[in-house]
Structures are given as structure tokens and as C-alpha cells.
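Working through the structure, step by step
Spelled out from the first residue to the last, the chains are:
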Amino acid sequence: MSESGNKPVIGVISCEKTVKIYQVQSVNHFYLQAIRDYGGLPLLIPAGCDEADREQLLAMVDGVFLPGSPSNVAPRHYGATHEEPATDEGRDDLSLPIIRQCLGKGIPIFGICRGFQEMNVALGGQLHPKVHELSGYLDHREPEESEYEIKYAFAHGLTLQEGGLFRQWFPDQTEFQVNSLHGQGVKSVAPRLVVEAVAPDGLVEAFSLPEHPFFVGVQWHPEWKATELPLSKALFSRFIASAQAKRAG
Ligand SMILES: N[C@@H](CCC(=O)NCCCC(=O)O)C(=O)O
């Protein structure tokens, strides 16, 4: 755990939302709490940053975190032409280039759900806009119920893939249960990404770039019970440790 005053600074990508008549930047508390629980210091990064702003901000952080969001990546970013009503263009314009900058600079980066999808798109992958409408796939959408214990309950199995980082973390366990709160999913995996885990229907649910200090994306929500579930603990502890290592130089 990082000592006070020298915590790894984690840049957290914000979402643009409308609250009443106001346009706001926002991040779900669960993500920030998970970063704090593992000794990170969250620093929100707002939409509207140009290239120079992103460079200046990236010089200030030790890692970047891409949270989930109900909004979807605009189809044009992955060569699709369908109508997408739930976009957040400000987030897209921030997250997609910052992912590529983190890749080039070796900055640790961890993406969850929408963040996972952004990582795939930023590196040249494509998305299914409505996985539940595809034959042979599960319905991965979040439960309608508003109680967190139901919404974030285990929804399907997960199989860790041979040759991935996750199998190194869990040499004796290949099967897990995860929650599921997404309607979109990976259609094609971006070049260079290593598939780490798949759902029972074959949908890719996690990938990494092993040659990077920490470049990991997951489709489920490990921020929920982040200090309790083995997969969550493995992901957040290693992400923050990687950011701390960068901070230590
Ligand atoms: N919109 C995308 C990604 C879904 C996602 O990130 N859900 C998280 C919702 C809760 C939160 O804000 O953390 C899709 O539907 O695939």
C-alpha cells in the first residue's frame, strides 16, 4: 500500500452527462472507491482536452483508468454506420487518443466495460452494438433491478485463456463467475491484443498487451466488491502496483 503523500496518481476519464439543465463531467463512485481502496489517488480528467492538454496531464499521472458508462462508443470510430442514440462524443474524443498515448508512453492503463470496449476500438478492433440480438450469444445486459446486489450479481461464467497473463495469476483456476452490465461487446479483437478470458458464448471479456507494463481491459465490473473477489483483487492490486512502479521511476 502506498504511503500518504506519495500515492500513485490515477487519471480517471470522465463522462459527459446532462443533469437537469447542466452539462457535467462525471464518474461512478464505485470506480473511485476501488482505486482508493488499493492506494491510488484518483484525478478526474475532463472531456475537452486537446493533444497538448493530454500530454501535459499524462506527465502528471502514474496510470490511467477508463471506467464503465451507459453510453456507447460512436460507431464511426470502428467503421460502423448504424444509428447509436446513446453516445458520449466528448468521452470518445478524450479516451481513444489517450489510450494510444498511454500505449506509446508505457503508462499503465486499466479499462472496465466501456473502457474495455474503447481500448479495443482505439487499437483497431470492432464492436457488436447489440450482443443480445445475435444468435448464439447470451443477453449480457444489466438486470433491470436497481438493487446493487442484484445488478452486480454473478451473471455468467468466464474461462481464462491459455497463454494469457490471467492464467499466470491463477495457475490453478481457469473458471470464474462474473457480473454483466453491457449491451455491446467485442466483434473483432484489435491486432496485438491477447485474449485473456471469454464468456460461455465465446464473447471476448478480457484482453491484455503483455509487453506493456499494464494494459488490461475487462468487460465485467471488478470495481464491485473490489477488495473481496479474487479476480477484482488481482486486477486492481496489479494495476496500482504498476502505477506505483512507474511513480518510483
Ligand atoms: N455502454 C456499454 C458499456 C456498458 C457499461 O460500461 N456499463 C456500466 C454501467 C454502470 C456504470 O456507470 O458503471 C455497453 O452497454 O456495452
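Residues numbered from 1 in each chain as written. Predicted model: local features only at pLDDT ≥ 70, side-chain atom pairs only at ≥ 80, totals over all residues. Heavy atoms only, no water.

Per an unreviewed UniProt entry, the recorded name for the chain is gamma-glutamyl-gamma-aminobutyrate hydrolase, and the organism is Parendozoicomonas haliclonae. In its Catalytic activity (unreviewed entry) section, the UniProt record describing the chain reads: "4-(gamma-L-glutamylamino)butanoate + H2O = 4-aminobutanoate + L-glutamate". Entered under Function (unreviewed entry) in the UniProt record, the comment concerning the chain runs "Involved in the breakdown of putrescine via hydrolysis of the gamma-glutamyl linkage of gamma-glutamyl-gamma-aminobutyrate." (UniProt positions renumbered as here; feature names shortened; annotations may be inferred.)

Another point: the environment of Leu58. Along the chain, Leu58 turns up in helix α2 (residues 51-58). The spatial distance from the C-alpha of Leu58 to the C-alpha of Asp201 is 37 Å, given a sequence separation of 143 residues. For Leu58, the contacting residues outside a window of four places in its chain are Val64, Ile98, Gln101, Cys102, Lys105 and Ile107. (Helix = DSSP H or I, 4+ residues; strand = E, 2+ residues; numbered from the N terminus. Contact = heavy atoms within 4.5 Å.)

So, on to the packing of α2 against helix α3 (residues 89-105). Look at α2 against α3: their axes get within 11 Å of each other, and the N-to-C directions meet at 50°. Between α2 and α3, the crossing angle belongs to the class labelled oblique. Here the hand of the crossing between α2 and α3 comes out right-handed. Where α2 abuts α3, its residues Glu51, Arg54, Glu55 and Leu58 lie against Asp93, Leu94, Pro97, Ile98, Gln101, Cys102 and Lys105. Here the residues of the contact of α2 with α3 sort into five nonpolar, one polar and five charged. (Axes fitted to C-alpha atoms, helices over the stretch in contact; angles between N-to-C directions. Parallel < 35°, antiparallel > 145°, perpendicular 65-115°, else oblique. Left-handed = near helix turned anticlockwise from the far one by under 90°. Nonpolar A, V, L, I, M, F, W, Y, C, P; charged D, E, K, R; others polar.)

Within the structure shown, the criterion is met by 18 aromatic pairs. Taking the centre distance of 5.6 Å and the plane angle of 80° together, the rings of Phe30 and Tyr152 count as edge-to-face. Residue Phe30 is located in helix α1 (residues 29-37), and its partner Tyr152 is located in the loop between α5 (148-151) and β8 (156-160); the two are separated by 122 residues in the primary sequence. On the basis of relative accessibility, which here comes to 8%, the residue Tyr152 falls in the buried class. (Phe/Tyr/Trp six-rings, centres within 6.5 Å; stacked < 30°, edge-to-face > 60°. Buried < 20%, exposed > 50% of the residue type's maximum accessible area, 1.4 Å probe, protein only.)

Our focus in this paragraph is the pairing of strand β11 (residues 194-198). Where β8 meets β11, two bridges bridge the pair, whose relative direction is antiparallel. By the bridge assignment, Thr159 is partnered in β11 with Val198. As paired elements, β11 and strand β12 (residues 204-208) share four bridges and run antiparallel to each other. Looking at β12, one finds that Val194 is bridged to Ser208. Counted along the chain from β11 to the antiparallel partner β12, the turn is five residues long, and its residue Gly202 has a positive phi close to 90°. (Pairing = 2+ DSSP bridges.)

This brings us to the layout of surface pockets. Approximately 720 Å³ is the volume found for the largest pocket. Lining the largest pocket we find 34 residues, and of these Ser69, Pro70, Ser71, Glu142 and Leu181 sit closest to its centre. Of all the secondary structure elements, the ones that give two or more residues to the lining of the largest pocket are β2 (15-19), α1, α4 (114-122) and α5. The residue inventory of the lining of the largest pocket, partitioned by class, reads 13 nonpolar, 13 polar and eight charged. (1 Å grid on protein atoms, 1.4 Å probe; cavity = no way out; pocket = protein on both sides within 12 Å on 5 of 7 lines; lining within 4 Å. Points joined across faces, edges and corners; volume = space filled by probe spheres on them.)

The next point concerns the state of the cysteines. Applying the stated criterion across every chain, the model contains zero disulfides. The thiol of Cys102 is not disulfide-bonded; the next cysteine sulfur, from Cys49, is found 12 Å away. Not engaged in a disulfide, the cysteine Cys113 finds its nearest cysteine sulfur in Cys15; these two sulfurs lie 11 Å apart. (Disulfide = S-S within 2.5 Å.)

Looking now at the packing of α3 against α4. Two elements in contact, α3 and α4, have axes whose closest approach is 9 Å; the angle formed by their N-to-C orientations is 60°. One element, α3, and the other, α4, form an angle in the oblique class. Where α3 crosses over α4, the handedness of that crossing is right-handed. Between α3, through Arg91, Asp92, Ser95, Leu96, Ile99 and Arg100, and α4, the contact on the second element is made entirely by Arg114, Gly115, Glu118, Met119, Val121 and Ala122.

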